[in-house]
Amino acid sequence: MTRGPATQLVRAGVIAAIALWSLVPIGLGVATSLSTQADVRAVPARWLPHHPTLDAYRSLLDGTGDSRAGGTVSESGAFAHAIGNSTSITLMSTLAILCVAISAGYAFARLRFPGRSALFWAIVATIVVPVFTVVIALFGLMADAHLIDRKVGLVLVFAGTTTPLAMWLVHNHVKQLPPEPEEAALIDGCTRWQAFWHVALPQMRSGIAALSAIVMLSIWGEFLIPLLLTSTNASKPVAVLIPEYVGKYTTNYPLLAAAGVLAMLPPALVVLVLNRHIRGMISGSS
Amino acid sequence: MKRARCGVLSMVVCAAVLVIAACDGGYGEGRSGFAPRGKVLIEGQEINVLLPYKVPGRLLDEFTRETGVKVNVNVTSWDAVHSKLIVANTAKTYVADVTELDWSFTGQFAAAGWYEPLEKVLDPVLITDLSQADAALTVGGHTYGACYSNDYRLSLYNGRMFRAAGVSEFPKTFAELGPVVAKLKASGVRYPLGIPMAATEGGVTPWYLLTLAMGGELFDKDYKPLFTDPGSAGYRALQFEVDALKNGWVSPGSVTLDNGPVFDQFAAGSSAILFASSPGNLSTANDPKESSIAPEAQPALVPGVRGPGTTFGLPEGLAIPVTAKHKDAARAFIEWWMQPATLRVLYKEAGMLPCRSSVLTSMAHSGEIEGGTVVGDELAHVVPLFGQGAPKWYGQFSSTAQGLLNAAVKGDVSVGAALTQLAAKATELAGS
Amino acid sequence: MGLDIHKRETPTGGASSSPCSRVDVAAREASRVGMLMVAPAVIITAVLVIYPLIKGFRRSLESGDAAIGGQPRFVGLGNYAEVLSSATARDAIGHTLIYVALAVTLELTLGLIIAVALHRFFRGRGIVLAILILPWALPSVVSGVLWRRVFDPEGGLLNSMLAQLHVVSHPHVWMASRGWALVFITLVHVWGVVPLISLILVAGLQSLPEEVFSASAVDGATPLRQFRHITLPLLRPSIVVALSIGTVGALKIFDEIYVLNGTALNTRSILMEVYNTTFVNADFAHGTALAFLLTALTALFAAVCAVAFGRSRT
């Protein structure tokens, strides 16, 4: 397909718009993170700091000097630890979800077995459920299983709440793939599982990459469930730690913005990495 | 055959899940009752303390050295504390051995029977010393929390702006407030008064304060609303807020501003008076790292009708849930916290204003408290918002008030209509 | 529909009479493998979602604030009736429907434009994708603080810009109005969700077969016509997925409202009302009832989308 100059121009325009749309508020965030409290509070509003400083980042990572109750307090190392928690929880959960959702999604799409329809809709129906309906019972369940304040507990719950959506997406994706390669494999003598593993899975690669990105980003930002299931910094993810910087009386806005900026980076990195796998049509699929 | 068996099996599994879910009873239960004191009893135990603040590590180490009990402070963001406690307690599940008990939770949590009464459990000397601050944490004769952070409403003003406007003294009465505001406006302060009016708890607190300061109360002793009559303090208080907006005493944006942003404006030198502030804010306003007006922030007594007005306390206490696992260790923790030496360190390093009358008085006299005499003097005018005891429906009342008062100040509904609706809701809540 | 592999495995094509025929063996293997493959998903959903859901439902059938002392009484659907008769809940439902309509329209339009621009691999696409997802990756509490600075009535970015462009004469209190507050909250929501929608549509565009495009290009179709008549219909499954996710997400809107306008009455969504009932009033019974009503509403929307999907697959 020809890519005329008009197409290139339009695409460039769209990309510029994307950049503006994403970056203006985020640029504001970065600017805030390089400001001082006085800059942030100034009236009339000061959008760019007069003297940019890295103080906020220092306070975030090294801990704030005084720990005034009612304001923002940052403990040395707590933020870095939280990022570590978020990373490990997200990676473990995504791995678990991918395993469970891909196998189930494929099976529901390609294989016939008793109760297939009922089970599929039972699982998919839970996507519409808002988390408020299940929090109390979930909390009690996790407490009884002694999984509060443990990363494993969070991984399990995320697996439970995210698998239905992931599975549904896989199911749809598989339905769209041509069945011929798998049929050929089966005729050649492969078992169902072998057909899945050696033939279908490689075809799904780009869809899986997109799915991984979606799952990882959803989990990274989860708040209510980790809030209830974690108590100490041992397992607290970054999404739960950051609201603690909003004090009862006052908030250290530059520190909060700095935390937000740093918390945005790992997901952005993930997308950069996965991008190579979300390949275009020209370079072929698989 | 196999197919049929698998179908039956999956149905049985699903049915089992349904049955278990429907029939399952309660969750874990905490140990009830307290044992006589003794170090041997609690040595080696580990307790969780759920607070929205950090406690200096070395203090906790001291406690561990003294008693052999290890402490994990579970810090939770201020907004999330209530939610977390509600979920855990509704699920009747252990969450911590000592938790935060804000005065606004008291009515609700006490009625639900989620917390242990402490008046017979803690050292009697301590109970007496805390009695004034604990009044807001007491319901039906039972004290559910030991106050550790003595927050109450106090006014702040910008000394430099006052001097520039030729105002020598902070107004003592509402009558004096008008001329002062006029002078401030004349000297170039566009919106001299800072009052949050958003549909939040912070936006509704000024109305509570104004009601008290104008010499009235929200409810009588039988919880009948006292704010529907145009002559009542509550009515005049809301009218004051509406007028303040109309006359340009407060900025028009106040209707969407909560405590934090209103304070920010004060700290930026945009407003001159923070009507319903707190001792904690005074320190922040005079911290050059946080505020551009440092060191001009001054505390002042809330104005009243004929002299300083009544103000109310919003204390936070340490409380022991009934689901706690180590109640004796929890008691030891609370009593250790309340030692004068510990309280002094906590004030100095964490800004928690002590609640023990004896400690507070001595600290005020020795100049350890920022804002010294005024902060101490205001205490004489502090009363609990609900002298009759915080009702269990306070949360619902407050959230209804938030919506209605915000609508009234925005002009969506008249003052009379808003208060009548609020009174109707309160009566309905009180009756149920 | 689905895969009828077993039909093809008997070259003679007729029904077989022996119980050990290749057809049955293949079908049994498919059945066995299938059940094993779905087992983990079924178990995990049953234990961690369906079980708490049923308990939650049971709680919604009991008397109001059962938390507050006393034994819970069974009141059947009483809570549901009370919730529906409450004016604030009805307003919340109305607001939510507005949010959904606005949000989904914006999300799909913007998402499609972005997906078309980005689905082909080009140098630097990685960076653009990374920038695209930043709004989604930003924690909502931080996003809230930033957007508050934009909409701040006194010195906000929006008011400053409008004042400089002489569009308004005095600063507006945007969040206090009925209409504008809803629009701006939707905008912030869309800002955060467009990355996800775009990703879904990008994945969808990826799976379209190349041949269709080359064939039509040879036929002389312009890119725009190609898009309208070929791409869009083929993309329908992905659009329906994006539509469903966007709708469900908008129905559950909460974070943006919470940080920008709290529990103010003029912008409450259903979930905000649930939050207020459950966490502020500690009334889990009514709160859960409302949450289940939301679930029913969402299921309804989802069913409509599923029907659309079903039709588009033929």
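As a convention, each chain's residues are numbered from 1 in the sequence order in which they are written. The order in which chains are written sets their letters, starting at A; the order in which ligands are written sets their numbers, starting at 1. pLDDT decides what is reported in this predicted model: residues at 70 or higher carry local features, side-chain atom pairs at 80 or more are listed and counted, and totals for whole chains, interfaces and linings draw on all residues regardless.

A. Structural context of the interface of chain C and chain A. Our contact criterion uses C-beta atoms placed from the backbone: two residues qualify when those atoms are within 7 Å. Taken residue by residue, the interface counts 84 residues in chain C and 93 residues in chain A. Broken down by element, the residue count for the side of chain C that touches chain A peaks at 20 residues, all from helix α2 (residues 22-60) of chain C. Gly is put with the polar residues, along with every residue not named as nonpolar or charged; the nonpolar set is Ala, Val, Leu, Ile, Met, Phe, Trp, Tyr, Cys and Pro, and the charged set is Asp, Glu, Lys and Arg. Residue composition of the side of chain C that touches chain A, by class: 56 nonpolar, 18 polar and ten charged. Elements are defined by DSSP. Helices are runs of H or I of four residues or more, strands are runs of E of two residues or more, and each kind is numbered from the N terminus.

B. Inspection of the sheet that holds strand β2 (residues 70-75) of chain B at higher detail. Residues and elements named next belong to chain B. Only when DSSP finds a minimum of two bridges between them are two strands counted as paired. The sheet built from five strands is open, its strands ordered β2-β1-β3-β12-β6 with mixed pairing. Two strands close off the open sheet at either side, each with one partner strand: β2 and β6 (146-149). Each strand of the sheet is rotated relative to its neighbour by a mean of 30 degrees, with strand direction disregarded. Of the pairings in the sheet, the one linking strand β3 (residues 98-102) to strand β12 (residues 316-319) comprises four bridges and is antiparallel in character. Bridge pairing in β12 links Glu 100 to Leu 318. With respect to the sheet, helix α6 (residues 124-134) is in contact with β6 and β12, its orientation differing from that of β6 by roughly 65 degrees. An axis is simply a line fitted to the C-alpha atoms; with a helix, the fit covers only the stretch in contact. Between two such axes, the angle follows the N-to-C directions and lies from 0 to 180 degrees.

C. Region of interest: the nonpolar core. Residues enter a nonpolar core if they are buried, belong to Ala, Val, Leu, Ile, Met, Phe, Trp, Tyr or Cys, and are joined to the set through C-beta atoms within 7 Å. Every C-beta atom is placed from the backbone, and the number of other C-beta atoms within 10 Å of a residue's own sets its class: buried at 20 or more, exposed at 12 or fewer, partly exposed in between. Judged by nonpolar contacts, the single largest core of 335 residues is most densely connected at Phe139(A), Ala213(A), Ile242(A), Leu256(A), Ala259(A) and Ile133(C). If you tally residues by element for this core, the top one is helix α8 (residues 179-206) of chain C, at 17 residues.

D. Inspection of the interface of chain C and chain B at higher detail. If you look at the interface, chain C gives 29 residues, while chain B gives 33 residues. Those elements that place two or more of their residues in the side of chain C that touches chain B are α2 and α13 (270-280) of chain C. Broken down by element, the residue count for the side of chain C that touches chain B peaks at nine residues, all from α2(C). Partitioning the side of chain C that touches chain B into residue classes produces 18 nonpolar, seven polar and four charged.

E. Representation of the packing of helix α1 (residues 5-33) of chain A against helix α5 (residues 125-137) of chain C. The N-to-C vectors of α1(A) and α5(C) enclose an angle of 45 degrees; their axes lie 9 Å apart at closest approach. Taken together, the axes of α1(A) and α5(C) lie oblique to each other. Helix-helix and strand crossings are classified by hand; for α1(A) and α5(C) the assignment is left-handed. Facing Ile15(A), Ile18(A), Ala19(A), Ser22(A), Leu23(A) and Ile26(A) of α1(A), the residues of α5(C) in contact are Val128(C), Ile131(C), Leu132(C), Leu134(C) and Pro135(C). Of the residues that constitute the contact of α1(A) with α5(C), the class distribution is ten nonpolar, one polar and no charged. In these notes the angle categories are as follows: under 35 degrees is roughly parallel, over 145 is roughly antiparallel, 65 to 115 is roughly perpendicular, and the rest is oblique. Here is the rule for handedness: rotate from the far helix to the near one, and if that takes an anticlockwise turn smaller than a right angle the crossing is left-handed, while a clockwise turn gives right-handed.

F. Expanded view of the domain arrangement of chain A. Residues and elements named next belong to chain A. Taken domain by domain, chain A consists of domain 1 (5-62) and domain 2 (78-275). Segmentation of the chain into domains, including their bounds, is taken from an automatic or database domain assignment. Here the C-alpha centroids of domain 1 and domain 2 sit 30 Å apart. Taken together, the contact pairs 13 residues of domain 1 with eleven residues of domain 2. Those elements that provide at least two residues to the side of domain 1 that touches domain 2 are α1, α2 (37-41) and α3 (55-62).

G. The confidence of the model for chain C, seen in detail. Residues and elements named next belong to chain C. Across chain C, pLDDT averages 79, with 85% of residues at or above 70. Every residue carries a pLDDT, the predictor's confidence in it, which falls somewhere between 0 and 100. Averaged over each element, pLDDT in chain C is lowest for helix α1 (residues 5-8) (41) and highest for helix α4 (residues 87-118) (91). Considering only residues more than four positions removed or in separate chains, one finds that residues 1-16, a stretch of pLDDT under 50, has 19 contacts. Of the two predicted TM-score estimates for the complex, the pTM is 0.82 and the ipTM is 0.80.

H. Examining the pairing of strand β9 (residues 273-277) of chain B more closely. Residue and element names in this part refer to chain B. Extensive coverage of β9 is indicated by the burial of five of its five residues. As defined by bridge partners, strand β7 (residues 154-158) adjoins β9 across three bridges and the pair is classed as antiparallel. Bridge pairing in β9 links Leu 154 to Ser 277. Two strands pair when backbone bridges link them, and strand β8 (residues 193-194) and β9 are joined in this way by two bridges, in the parallel orientation. From the neighbouring strand, Leu 193 faces β9, where its bridge partner is Ile 273.

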